[in-house]
Amino acid sequence: MARNEKEETIHIGFKEAFALILPYFRKKIWEQTKSVVWVVSYLILFQLIVLRIPIKEAGIISLGIFAVILGLTFFMEGLYLGIMPLGETIGLRLPQKVNLLTIMVFCLFVGIVATLAEPAISVLKQSGSAVNPWDAPLLFHLLNEGADVLFLSIAIGVGFSIVFGIIRIIYGISLSKFLIPSLIVLILITLYSFGDENLKLISGLAWDSGVVATGSLTVPLIVALGLGVSKASRTSDTTTGFGVVTLASLFPILSVFVVGLYFAPQLPQPMPKEKFFGNGITIEQSKLLFGEKNPETLFGTFEKEQNSQLSIHNKLVKIIEGILESFSDSLQAIIPLAGCLVLFLYIILRESLPFTDELYLGILFVFLGLAIFNFGIFFGLSKLGSQVGNKLPSSFRSIELTDSTKEIRNFDPKIVITATDEQGKTENFFYLKDKKSFSQIPFRDKNYDSHSEIYSYIPIHGPLFGKEDNLLGYFVALLFAFVLGYSATLAEPALSALATSVEEVTVGTVKKMVLIQAVGIGVGLGTLLGILKIFVGIPLLYILLPSYVFLVFLTLLSKPEFIDIAWDSAGVTTGPITVPLIIVLGLGIGNQLNIVDGFGILSSAAIFPVLTVLIMGLWMERSRRQSLSNIEAEEK
């Protein structure tokens, strides 16, 4: 047929293109700002008003927060333009074009590569410095010298979970047939780990790893793959596309325990610091823990760096190094993943995408977004969360503000005065003049260097709401934890995406806002319980075991579509905002209270959204049956 219209090419200049893109970009920036600003404002105001402590390095933290917003904007736009369409297209073609073995190999490979590219994994790298090797040798090894093995084991766990998840969708197998046996195995291995001190101390890391693995990059890709395969499979309904994320959050737990079982016999048991450095470990164990580094030099340097103030020049150097490292890590993460997906689509499936320009632009945006976001997490959210976590116990207990250490030069020990109480117990102190006021400062011999005549003074803060270990202080801290978990979850972009998908596939039966609120309340309760675990030293098993038993009971009562949605809700709640904040918060509190294992909050925060969504589903089903009964009664 002859064409009557003449094709014309429209040329748009730079200014016109900029004028077209700017409003759209401004709108996207504002969307991410709205999601982040509330939780950041909450943390800042809580520290300033409730804890009454100024924010340290406020300038760098502000720069980091802006980088988080900018990075998330590029990253999310890149996901929608590039990674998700690519994943769904591949998922649609997989069952039609290749055999089951090829599907399994592809899913395993994609799961490994996507997990290694996951931004939340980098948070675990930062947490390694918060663990002492003498307190928890196996935990220290896995987060430092053995970190690559740990990350690879998590990635392999995710890879196998995608394999089983896709097979489940193709053959229409119920999620509970994979879920319940997996949970039984994980609970049994957790019980076994409590018989060994080293394994017991990695149980929090293992359960948290399952949550970290399902982050902002892995979840959209897995969901897109699952939905694509679900649409192409004749044996499954639309909601069967969910559930892969759930398996991806369980299998890494098992793989981390397996790695722990392998290394535990090769490492020493926890011991006092003096014994550890006094020939308490063998040469082979030292190599496993520190490589070729000298442990005493390593820890001496670390403590010195923590207590020293960086100059402006050194801060700039540190920021530039952080930017270069973030871009390098992003390049190493995105290129293998995007290359694998594109090559598989073109070479194995022999398919092409209709909008290739958008696809490549999306991949570029994901690369830029990930690099900027990682920089922002390290210099912004993690620093802020760590500060609040370190100071939070001051609501019920007096704490040392080590990051506010002051050096008093030309200190004269003659000014030290001795005081006594009614029992005759003595304590030394001196008066410090600060501007026009004078304050009493306790004197500690270990803080005075007679050679340099410098006294290092560490300010004491709290308890803010009564005497030591008062109940009101605990209540304030736990209320803070609930609001933080709730507000951080509402800021998660993946939750909004999942809720939209759920509303679409259930044809409005499950409202988007109802699901989001149910998940937010669940994460808030889980965060509260996780913080309580650290405060009073509750073993993680005491939280996990009854919770999962109750979950299994609710799962058996629930309809299959709600089971898939509820369990996937747990996976998407712990994304780029929640994971860094909650992990550094837990480690900060653990450090302040001298708790060895600050992990476990994430796994606790991931359980309760499943509970609340399953309860919501049962309530909705009950309401539906009640409505049908009423209609039948009226008709009679």
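Everything discussed here concerns the structure shown above.
All chains use their own residue numbering, which begins from 1 and follows the written sequence. Reporting in this predicted model follows two pLDDT cut-offs: at least 70 for local features of residues, and 80 or more for side-chain atom pairs to be given and counted; totals over whole chains, interfaces and linings ignore these cut-offs and use all residues. In computing side-chain values, all of the structure's heavy atoms are included and hydrogens and water are not.

Caption draft 1: Main features of the sheet that holds strand β6 (residues 448-449). Note on pairing: two strands pair once DSSP finds at least 2 bridges between them. We count a stretch as a helix when DSSP gives it H or I for four or more residues in a row; a strand needs E for two or more, and each element gets its number in order from the N terminus. Taken in spatial order, the three strands line up as β2-β7-β6 in an open sheet, and their pairing is antiparallel. Two strands close off the open sheet at either side, each with one partner strand: β2 (406-408) and β6. Relative to strand β7 (residues 454-457), β2 runs antiparallel, the two sharing three bridges. Considered in β7, the bridge of K406 is made with Y457.

Caption draft 2: Local environment of the packing of aromatic side chains. In summary, the pairing rule links any two rings of Phe, Tyr or Trp, Trp by its six-membered ring, whose centres are within 6.5 Å, and it sorts them by plane angle into stacked for under 30 degrees, edge-to-face for over 60 and tilted for everything else. Inspection of the entire model under this criterion finds 27 aromatic pairs. The interplanar angle of 55 degrees and the centroid separation of 5.6 Å between the aromatic rings of F140 and F290 together place this pair among those described as tilted. Of the two residues, F140 is situated in helix α5 (residues 137-143) and F290 in helix α12 (residues 283-290); the sequence distance between them amounts to 150 residues. On the numbers, 5.7 Å between centres and 80 degrees between planes, the contact of F429 with Y431 is edge-to-face. Burial classification: accessible surface area is computed with a 1.4 Å probe over protein chains only, and a residue below 20% of its type maximum counts as buried, one above 50% as exposed, and the rest as partly exposed. Residue Y431 is classed as partly exposed on the basis of its relative accessible area, which comes to 45%. Taken together, the ring pairs in this structure connect F411, F430, F443, Y448 and Y455 into an aromatic cluster.

Caption draft 3: Summary view of the sheet that holds strand β4 (residues 426-434). Judged by pairing direction, the sheet is antiparallel, and its three strands sit side by side in the order β3-β4-β5 without closing on themselves. Unpaired on one side and paired on the other, β3 (417-420) and β5 (437-442) mark the two borders of the sheet. Between one strand and the next, the sheet's axes are offset by a mean angle of 40 degrees, whatever the strand orientation. In the sheet, β4 pairs with β5 via six bridges, with the strands oriented antiparallel. Residue pairing in the sheet places D434 in a bridge with S437 of β5. Only the contacting stretch of a helix is used when fitting its axis, a line to C-alpha atoms as for every element, and angles between N-to-C directions run 0 to 180 degrees.

Caption draft 4: A look at unusual backbone geometry. The backbone of N410 shows a phi angle near 55 degrees, a positive value even though the residue is not glycine. With respect to the helices and strands, the residue N410 is situated in the loop between β2 and β3. With relative accessibility at 65%, the residue N410 sits in the exposed group. Its identity is not glycine, yet E453 carries a phi of approximately 60 degrees, on the positive side.

Caption draft 5: Molecular detail of the pattern of salt bridges. By convention in these notes, a salt bridge is any Lys or Arg side-chain nitrogen within 4 Å of a carboxyl oxygen on Asp or Glu. All told, the structure shown has eight salt bridges when counted by the stated rule. As a salt-bridge pair, E77 and K28 come within 3.9 Å of each other at their nearest N and O atoms. Here E77 is found in helix α2 (residues 58-97), whereas its partner K28 is found in helix α1 (residues 14-50), with 49 residues between them in sequence. The same class applies to E77 as to K28, namely buried. We note a salt bridge from E621 to R625, for which the minimum N-O separation is 3.7 Å. Taken together, the residues E621 and R625, both in helix α22 (residues 601-635) and four residues apart, mark about one turn of the helix. Salt bridges sharing partners connect three or more residues here, namely K28, E31 and E77.

Caption draft 6: Here's a closer look at the pairing of β4. As paired elements, β3 and β4 share four bridges and run antiparallel to each other. By the bridge assignment for β4, T420 is matched with T426. With antiparallel pairing between neighbouring strands as the criterion, β3 and β4 make up a hairpin whose turn holds five residues, including G424 at a positive phi of roughly 85 degrees. Counting the residues that bridge the hairpin from β4 to β5 gives two residues, and of these K435 lies at a positive phi of roughly 60 degrees.

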